[in-house]
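Descriptive structure summary
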Amino acid sequence: MDLHDFAKQQGSAEPTLLTALRRASWQRTRHGRLMTDVHTGQVISMVTRMVRPKTVLELGTFTGYGTLCLAEGLAEDGTLHTVERNDELFALQDEFWKQHKRYNAIVRHHGQVADVLAAWPLEHAIDLAYIDADKQGVNEQLDALLPLMVPGGWMLFDNTWWDGTLEHAKGPKPDALRALNTRLAQDDRLHTVVLPIGDGLTVARKI
Ligand SMILES: C[S@@+](CC[C@H](N)C(=O)[O-])C[C@H]1O[C@@H](n2cnc3c(N)ncnc32)[C@H](O)[C@@H]1O
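The following refers to the structure shown.

Parameters and conventions
- Residues numbered from 1 in each chain as written.
- Predicted model: local features only at pLDDT ≥ 70, side-chain atom pairs only at ≥ 80, totals over all residues.
- Heavy atoms only, no water.
- Phe/Tyr/Trp six-rings, centres within 6.5 Å; stacked < 30°, edge-to-face > 60°.
- Lys NZ or Arg CZ within 6 Å of the ring centre and 35° of its normal.
- Helix = DSSP H or I, 4+ residues; strand = E, 2+ residues; numbered from the N terminus.
- Expected span 1.5 Å × (residues − 1).
- Buried < 20%, exposed > 50% of the residue type's maximum accessible area, 1.4 Å probe, protein only.
- Contact = heavy atoms within 4.5 Å.
- Near = heavy atom within 4 Å.
- Polar contact = N/O pair within 3.5 Å; in protein donor to acceptor, adjacent residues only side chain to side chain.
- Areas by Shrake-Rupley, 256 points an atom, 1.4 Å probe, with all protein chains shown as cover.
- Pairing = 2+ DSSP bridges.
- Core = buried A, V, L, I, M, F, W, Y, C linked by side-chain atoms within 4.5 Å.
- Axes fitted to C-alpha atoms, helices over the stretch in contact; angles between N-to-C directions.

Using the criterion set out here, one finds 0 aromatic pairs in the structure. Positioned above the aromatic ring of Tyr 65, the side-chain terminus of Arg 22 is 4.4 Å from the ring centre. Here the guanidinium or amino end of Arg 108 rests over the ring plane of Phe 90, the centre of that ring lying 4.2 Å away.

Here is the structure:
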């Protein structure tokens, strides 16, 4: 057994609501593979429990699996914003979100990530962001997001390993992820660490 399998086996079990949402996402959409992976979701949940953020922003909701993971550690008076352009997913999200105790704290934004970031009210500085929308736009998302984050705010980027193919893969998505990884490692406004879980989860803290 390698360390990844060991880590997945030894942690707490996936909560039953998330297991049910995962099944429904595979059965009722054509893109189940877009969902946040179980182990990554558990790490995200743990991070929010540690940080207790008041304002959370998720870019790219899909069926809302990551949203429920992020909701776990949201501050009592916190708000969890999530952005999705595909409104065909909303009924499925609601069906499962309604079963979570923090349902009323979730604010869904229907539209393009770039538009939501451009219109973001500065008084609602973001404590924690989960960046998981289109990968080709991830550098522009970082540019728009960084000024909206509180000093000391946390950004979590999924898929930064690109299934282990990042070194040689061609196309706009791996190109953007390579550029992102280099930027995150070199930007002295950030403190960055890559967690070797799921498809690569990069944690960057705004200094
Ligand atoms: C990888 S999935 C998100 C997975 C989700 N975070 C989860 O935990 O399962 C990416 C989602 O982002 C949406 N998306 C991609 N680009 C977008 C954009 N520019 N604006 C808004 N939504 C976008 C897609 O429709 C898709 O549902």
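Taking 1.5 Å of rise per residue, the 14 residues of helix H3 (residues 38-51) would be expected to cover 20 Å, and the 20 Å separating its terminal C-alpha atoms lies within 8% of that figure. Among the residues making up H3, those that are buried are His 39, Thr 40, Gly 41, Val 43, Ile 44, Ser 45, Val 47 and Thr 48. Looking at the buried residues of H3, the elements they touch are helix H1 (3-10), helix H4 (65-71), strand E4 (126-131), strand E5 (149-158), strand E6 (190-195) and strand E7 (201-206). Just downstream of H3 lies Arg 52, where phi reads positive at about 50 degrees.

As a matter of local geometry, the ligand sits amid 19 residues, with Thr 36, Gly 60, Gly 66, Glu 84 and Asp 132 nearest to it. Within the contact set of the ligand, an oxygen atom lies 3.4 Å away from a backbone nitrogen or oxygen of Phe 62. At a separation of 2.8 Å, a nitrogen atom of the ligand approaches a polar side-chain atom of Asp 132. When the ligand sits alone it has 600 Å² of accessible area, and the protein chains cover 92% of it.

Summarising burial for E4: 6 of the 6 residues are buried, a large majority. The pairing of strand E1 (residues 55-59) with E4 spans 4 bridges and is classified as parallel. The residue bridging Leu 57 from the neighbouring strand is Ala 129, located in E4. Relative to E5, E4 runs parallel, the two being bridged by 5 bridges.

Buried together is how nonpolar side chains tend to be arranged in soluble globular proteins. Ranked by size, the top nonpolar core spans 29 residues in total, and within it Ile 44, Leu 70, Leu 156 and Leu 201 carry the most contacts. For this core, the secondary structure elements donating two or more residues are helix H2 (16-28), H3, H4, helix H5 (90-97), E4 and E7. Here this core takes 5 residues from H4, the largest share from any one element. Apart from residues lying up to four places away in sequence, Leu 70 is in contact with Ile 44, Thr 48, Val 56, Glu 58, Leu 80, Leu 128 and Tyr 130. Within the second largest apolar cluster, 26 residues are counted, among which are Leu 59, Ile 126, Val 138 and Leu 146.

On to the sheet that holds E6. If you trace the 7 strands from one edge of the open sheet to the other, you get E3-E2-E1-E4-E5-E7-E6, paired in mixed fashion. Because the sheet does not close on itself, it has two edges, and the strands there are strand E3 (106-110) and E6. Neighbour-to-neighbour, the strand axes of the sheet open up by a mean angle of 15 degrees, direction not taken into account. In this sheet, E7 lies alongside E6 in antiparallel orientation, the contact comprising 6 bridges. Bridged to Val 193 within E7 is Val 203. Packing of H3 onto the sheet brings it into contact with E4, E5, E6 and E7, and relative to E4 it is tilted by some 175 degrees. Of the strands in this sheet, E5, E6 and E7 touch helix H8 (residues 172-186), which is tilted by about 40 degrees from E7.

All right, on to the environment of Leu 201 then. Secondary-structure assignment places Leu 201 in strand E7. Residues Leu 201 and Phe 157 lie 44 residues apart in sequence; the distance between their C-alpha atoms is 5.6 Å. Sequence-distant contacts of Leu 201, defined by excluding residues within four places in its chain, comprise Thr 40, Val 43, Ile 44, Tyr 130, Leu 156, Phe 157, Asp 158, Thr 160, Val 193, Val 194 and Leu 195.

Here the focus is the side chain of Asn 139. You can see Asn 139 is positioned in helix H7 (residues 138-145). Discounting chain neighbours no more than four positions away, the residues touching Asn 139 are Ala 176, Ala 179, Leu 180 and Arg 183.

This is a description of form; function is not addressed.
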